[in-house]
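# Remarks on the overall topology
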Amino acid sequence: MESVQSRTVDYQQLRSAITWDVARRELGVVEGGSLNIADLCIDRHVMAGRGDKVALVHENHEGELRRFTYRDLMLLTNGWAAFLRGLGIRNLDRVCLFLDRVPELYIGFMGILKLGAVVEPLFSAFGEDALHSRMEDSAATAIITERKHLGKVRRVRERVPSLKTIIVIDQEADGRPLREGEVAYSMMANQLVTFPAFRAFPETPSVLHYTSGTTGKPKGAMHVHGSVFAQYLTSKVVLDLKDDDVYWCTADPGWVTGTSYGIIGPWAMGATEVVLDAGFSSDRWYQTIEKHRVTVWYTAPTAIRMLMKDGLDPVARHDHSSLRHMCSVGEPLNPEAVRWGREAFGLDFHDTFWQTETGAIMITNLPGMPVKPGSMGRPFPALEAAVVDPRSGEPITSPGRVGLIAIRPPWPSMMRTYWNNSATYYGKFLNGWYICGDQASLDRDGYFWFCGRDDDVINTGGHLVGPFEIESALLEHEAVAESAAIGKPDPVNMEVVKVFVALRPGFTPSADLELSIMNHVRKRLSPLAMPQEIAFVDKVPKTRSGKILRRVLRAQELGQPIGDISTMDDN
Ligand code: 6R9
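Turning our eyes to something else, we now look at the domain arrangement of the protein. Taken domain by domain, the protein consists of domain 1 (4-438) and domain 2 (458-558). If you average the C-alpha positions of domain 1 and of domain 2, the two centres end up 30 Å apart. Taken together, the contact between domain 1 and domain 2 spans 25 residues of the former and 22 residues of the latter. When the two sides are added together, the surface that domain 1 and domain 2 hide from each other amounts to roughly 1700 Å², 55% of it contributed by carbon and sulfur. Looking only at domain 1, the three residues that lose the most surface to domain 2 are Asp-129, Ser-212 and Trp-255, adding up to 27% of its buried area. The tally of links between domain 1 and domain 2 comes to two salt bridges. In this structure, the salt-bridge partner of Glu-469 is Arg-134, at a minimum N-O distance of 3.1 Å. At the boundary of domain 1 with domain 2, the tally comes to 11 residue pairs in polar contact (both at pLDDT 80 or more). If you list the elements that add at least two residues to the side of domain 1 that touches domain 2, you get α6 (128-138) and α12 (301-309). Of the residues assigned to the side of domain 1 that touches domain 2, the class counts are eight nonpolar, 10 polar and seven charged.

Following this line, the structure appears as structure tokens:
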């Protein structure tokens, strides 16, 4: 198989050849015409005679395999769409997915889009508070879940007045009675030959993905059906996907990588996608590559660092000769990880930078472009991106000077707003640029080098966790008077959550109390948000207006200069 590394590309030439219009034309959408992501990703392939092609190979924890062709997907998404319509769900209603990585998650996602409703993916490890704040904010109408997560959904139900129906996909296997407002749905028993996909337009809402910020509750980034032009073109040009590829994206669809490149991108390309619904182990991961003859692999730096920790022996025990292209996303990819990848697989990990808000890859190492270990690469050729001055928004051209990563709008997969929060959305623009909220510098060749986030959001293993959400959950604990959460550098996860806690009168620090606080956050939010370290303090540093000064704590933690503290409240 030809390795993409053996080709070289002319970046400037790509910039003139690659435009969003190319995607529209190749997907067969007329300018100004209607489209539907589910139709383009599924039915289109069946109509073109590729219905027998395997779209999804699903492997569960026990190693059992299930295969779905594009025709299967068409019949099953028709079934989903008709069923949801029968429940009275209409286009633009928000329908949540709260599932482990079962086939229903991937296929249900497309069924919801086929109906024209809005998909709201929720990470299945979310606890009650995380679930509640997102469902309440979006005023979700329905949620699709499984028995093992039903308890959590039932506990938030009363606090989500918009929620009409809870759909349970594995009721048959369980049999315990459902309650009012809960219905069972067996996907495999509901295949339907036709269902006319909702005639959406490029600007019709499609996916609502929540992401964490520094302040306030998580924000819902609203995407549209036209995003598929960007997900298609980046899957083609960056992931280098072709229809004979076997592609494995290790991200969970609770996060944007798992939807843009774990569902939409690969199916838009007509590739075969592998899903592994099992926990991490290096042997299991290498087995997955070997067993399914994975050709293109999209993963994250934390996972790569975990593989590195287990060394080269497990790599050598498995056949990975099928692999021809590897990409990474979510956090800075260390130069050592790139070098290790070369040694282990004889290939480069290609870093890709983007966000929930951008919907698709923005800055990247393109196949065939020399990889500089530690650099994120260059703007996707259909885009204009820059490093800009934080005050003026003017591009910084001198190499090595740090500024903010900025992208020139519009592009097809850009969020169209933050749901219920357009003020924050409009605050993301400066001098005609969309500001990502990350710092970087450019080198002489126009490569981007990531420096850090421009806010207090914690990046743990490629997952963003909002300090405000953690602090709010901590306040619900009986012993906590006030708290501050920061990201503490970690060799594997990039950052882990560290919290500073001031106790209420009558409580004293102890190992038991630490454990109780940790468990509280894990249950309320998620295992990712659980503090790995707790420091008990007398008070939390704040500005005079009461804002928590997390940067002061972070600087103290890292032994760095604290900077300007003129606004700090020193009482
Ligand atoms: C796709 C995704 C977005 C934030 C982003 C940045 C960080 C993503 C990165 C990276 C360094 C990369 N990030 N890719 N940092 N190098 N290649 O991860 O979306 O969950 O919204 O996170 O992740 O801080 O702003 P999301």
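This paragraph deals with the packing of aromatic side chains. Under the criterion given, the structure shown has 23 aromatic pairs. Relative to Trp-255, the ring of Phe-126 lies with its centre 6.2 Å away and its plane at 70°, an arrangement referred to as edge-to-face. Of this pair, Phe-126 sits in the loop between β4 (118-121) and α6 while Trp-255 sits in the loop between β10 (246-249) and α10 (256-268); the two residues are 129 residues apart in sequence, bridging distant segments of the chain. Trp-255 shares its class with Phe-126; the two are buried. An angle of 70° between the planes, with centres 6.4 Å apart, marks the rings of Trp-285 and Trp-297 as edge-to-face. Of this pair, Trp-285 sits in helix α11 (residues 282-292) while Trp-297 sits in strand β12 (residues 296-299), and the two are 12 residues apart along the sequence. Taken as a pair, Trp-285 and Trp-297 share a single burial class, namely buried.

Criteria and cut-off values
- Residues numbered from 1 in each chain as written.
- Predicted model: local features only at pLDDT ≥ 70, side-chain atom pairs only at ≥ 80, totals over all residues.
- Heavy atoms only, no water.
- Domains from an automatic or database assignment.
- Contact = heavy atoms within 4.5 Å.
- Buried area = accessible area lost by both parts, 1.4 Å probe.
- Salt bridge = Lys/Arg side-chain N within 4 Å of Asp/Glu carboxyl O.
- Polar contact = N/O pair within 3.5 Å; in protein donor to acceptor, adjacent residues only side chain to side chain.
- Helix = DSSP H or I, 4+ residues; strand = E, 2+ residues; numbered from the N terminus.
- Nonpolar A, V, L, I, M, F, W, Y, C, P; charged D, E, K, R; others polar.
- Phe/Tyr/Trp six-rings, centres within 6.5 Å; stacked < 30°, edge-to-face > 60°.
- Buried < 20%, exposed > 50% of the residue type's maximum accessible area, 1.4 Å probe, protein only.

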